[in-house]
Amino acid sequence: MSEIIIKTQDQIVGIRKSSQLAAQALDFAGQFVKAGISTGFIDDKIEEFILSHGAIPATKGYNGYPKSSCISLNEVVCHGIPSEHTILKEGDILNIDVTTILKDFYGDTSRMFWVGEISQDAEKLIAVTKHCMNLGIQQVIPGNYFGNIGFAINRFAKAKGFSVVYEFCGHGVGVDFHEEPQVDHASRRNTGPKMKPGMIFTIEPMINQGRPGTKIDKHDGWTARSVDNKLSAQFEHTILVTETGYEVLTDVHNEYPIT
Ligand code: MF3
Ligand code: CO
Ligand code: CO
């Protein structure tokens, strides 16, 4: 088992730049989220954006994954493969997940988008999922246990009547796509390793309306759907542990003051 990397100042600067670019790619993608547009078209635009900024999409060719982003619609939990045949329609909710490699540094972020008017249930799921991620982020303090991230997330999701996907996790990130540690989104209090300044990892809870389980599409080997085909939502940020708290490296909207 490899160790959790403590990043150097130079690595932090590089990972911050890549993280900001990944978040800007999501901002850019947002303008194309409309009824009648295919997820394949949005992926093409994301790829153009990333390449034109001197970076590479980390997902393309990763374990054979074919596209520059993951676009996960409605009951898709994660790893939805963008396709010219998947056309957005009014009422859809979708997660777009982008990971960039800029000068060998990785930044990883995702957020929810939606098409026109969505159901109140869908709205609630999205709001709760974002709050789950934020509660996880608030646990990022040097000396705190990684398990407290998943403890906070799971407690809130359950209280709202939703369930936390346990088959996919957050992860260390920065000099590689998926580094140690695994960041569980449902875990026990005061378990796992302790956070140290210079660690960088994602918090990316997937929250299901129904049961927490997932099933992988037999045909493409990637698309993970909720077992009961109910809605699923996800948000993801790349976070740096600072001497005193955290910095959300993928925050391009000044939503998270550095603590
Ligand atoms: N970006 C995803 C994550 O948050 C990983 C996607 S891997 C892929 O970890 F191969 F499915 F693209
Ligand atoms: Co990730
Ligand atoms: Co991601």
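Description of the structure in this document. The shown structure was predicted, so the numbers you read here are calculated from the model rather than taken from an experiment.

## Here's the deal with the packing of aromatic side chains
The tally for this structure, following the rule as stated, stands at 7 aromatic pairs. Ring geometry for Tyr106 against Phe177: centres 5.9 Å apart, planes inclined by 25 degrees, an arrangement best described as stacked. Remark: Phe177 occurs in the loop between strand 7 (170–172) and strand 8 (179–183) and Tyr106 occurs in strand 5 (residues 105–114); sequence separation between them is 71 residues. Classification of Tyr106 by relative accessible area gives buried; the value is 15%. Among the aromatic side chains, those forming a connected cluster through ring pairs are Phe28, Phe32, Phe41 and Phe49.

## Observations regarding helix 2 (residues 39–52)
Because the α-helix completes a turn every 3.6 residues, residues three or four places apart line up on one side. Compared with an ideal rise of 1.5 Å per residue, which puts 14 residues at 20 Å, helix 2 spans 20 Å between its outermost C-alpha atoms and is within 8% of the ideal. Among the residues making up helix 2, those that are buried are Thr39, Gly40, Ile42, Asp43, Ile46, Phe49 and Ile50. Where helix 2 is buried, its residues contact helix 1 (9–30), strand 1 (56–57), strand 2 (70–73) and strand 4 (93–102). Phi for Gly54, located one or two positions after helix 2, is positive at around 80 degrees.

## Considerations on the packing of helix 1 against helix 2
Between helix 1 and helix 2, whose axes approach to 10 Å, the crossing angle comes to 140 degrees. Taken together, the axes of helix 1 and helix 2 lie oblique to each other. Relative to helix 2, helix 1 is oriented so that their crossing is right-handed. Here helix 1 contributes Leu21, Gln24, Ala25, Phe28 and Ala29 to the contact with helix 2, which in turn contributes Ile42, Lys45, Ile46, Phe49 and Ile50. The class makeup of the residues in the contact of helix 1 with helix 2 is 8 nonpolar, 1 polar and 1 charged.

Rules and cut-offs
- Residues numbered from 1 in each chain as written.
- Chains lettered and ligands numbered in written order.
- Predicted model: local features only at pLDDT ≥ 70, side-chain atom pairs only at ≥ 80, totals over all residues.
- Heavy atoms only, no water.
- Phe/Tyr/Trp six-rings, centres within 6.5 Å; stacked < 30°, edge-to-face > 60°.
- Helix = DSSP H or I, 4+ residues; strand = E, 2+ residues; numbered from the N terminus.
- Buried < 20%, exposed > 50% of the residue type's maximum accessible area, 1.4 Å probe, protein only.
- Expected span 1.5 Å × (residues − 1).
- Contact = heavy atoms within 4.5 Å.
- Axes fitted to C-alpha atoms, helices over the stretch in contact; angles between N-to-C directions.
- Parallel < 35°, antiparallel > 145°, perpendicular 65-115°, else oblique.
- Left-handed = near helix turned anticlockwise from the far one by under 90°.
- Nonpolar A, V, L, I, M, F, W, Y, C, P; charged D, E, K, R; others polar.

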